[in-house]
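Spelled out from the first residue to the last, the chains are:
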Amino acid sequence: DSGVTQTPKHLITATGQRVTLRCSPRSGDLSVYWYQQSLDQGLQFLIQYYNGEERAKGNILERFSAQQFPDLHSELNLSSLELGDSALYFCASSRRPSGTDTQYFGPGTRLTVL
Amino acid sequence: GQQVMQIPQYQHVQEGEDFTTYCNSSTTLSNIQWYKQRPGGHPVFLIQLVKSGEVKKQKRLTFQFGEAKKNSSLHITATQTTDVGTYFCAGPDNFNKFYFGSGTKLNVKP
């Protein structure tokens, strides 16, 4: 158990819908990362937050947005969902924003778009 | 943009055989990290290499960071069935974007 929690574990929805994925970082970690992993693929970095502020942006679609709240939990919002958005979405946290910090991954949210 | 490639994509070995995965970045990395993802699981941090030419060992695992800090390798000696999983290398670019390699999926036959 990494200490990072993600909810929900599974999500099934239809095309065109909007969903929100939630992540709570490890106690004491200020940085949160979001990744997308399609079936049997690598991890695509989406976005990073540090202490409530956006720190780095990867290949995140305009239909996707994220935020980190004062209590440090983070939410990833996916809208106008398409079939291709079906994937595992991982959240990771680290103590500092630096790229040298170990990232601790949550169990992931499996999103299925029908 | 930056790319991090790994080879091979898949590797099937007999238990007891050695295994190596190679990681190549299109640009210099400030550091490289290795993660392991078991089937159905999430990535778990294994190790971080920072210095050019650095070599680190963890029991049967040996990690190397290239002199130019653009490539790395992970070598497992005498694989065991518990080594099954996908191994990813990863590192940040100068803008804090984190890049994961494409991964090498290791299968170990008992």
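To be clear, the structure that these remarks concern was listed above.
Residues numbered from 1 in each chain as written. Chains lettered and ligands numbered in written order. Predicted model: local features only at pLDDT ≥ 70, side-chain atom pairs only at ≥ 80, totals over all residues. Heavy atoms only, no water.

All names here are of chain A. With respect to burial, strand β8 (residues 74–78) is a largely interior element, five of its five residues being buried. Judged by which residues are buried, β8 turns out to be covered on both faces: S74, L76 and L78 on one side and E75 and N77 on the other are all buried. Bridge count for strand β3 (residues 19–24) against β8 is five bridges, and the pairing is antiparallel. What sits directly across from R22, in β8, is E75. Hairpin remark: strand β7 (residues 64–68) followed by β8, antiparallel, with five residues in the connecting loop; positive phi at L72, about 80°. (Buried < 20%, exposed > 50% of the residue type's maximum accessible area, 1.4 Å probe, protein only. Helix = DSSP H or I, 4+ residues; strand = E, 2+ residues; numbered from the N terminus. Pairing = 2+ DSSP bridges.)

This next bit is on the sheet that holds strand β3 (residues 19–25) of chain B. Strand pairing in a sheet takes place through backbone hydrogen bonds and is either antiparallel or parallel in direction. All names here are of chain B. Ordered in space as β1-β3-β8-β7-β6, the five strands form an open sheet in which the pairing is antiparallel. Only two strands of the sheet have a single neighbouring strand rather than two, namely β1 (4–7) and β6 (55–58). With strand direction ignored, the average angle separating the axes of adjacent strands in the sheet is 15°. Sheet topology places β1 next to β3; four bridges connect them, and they run antiparallel. By the bridge assignment, I7 is partnered in β3 with Y22. (Axes fitted to C-alpha atoms, helices over the stretch in contact; angles between N-to-C directions.)

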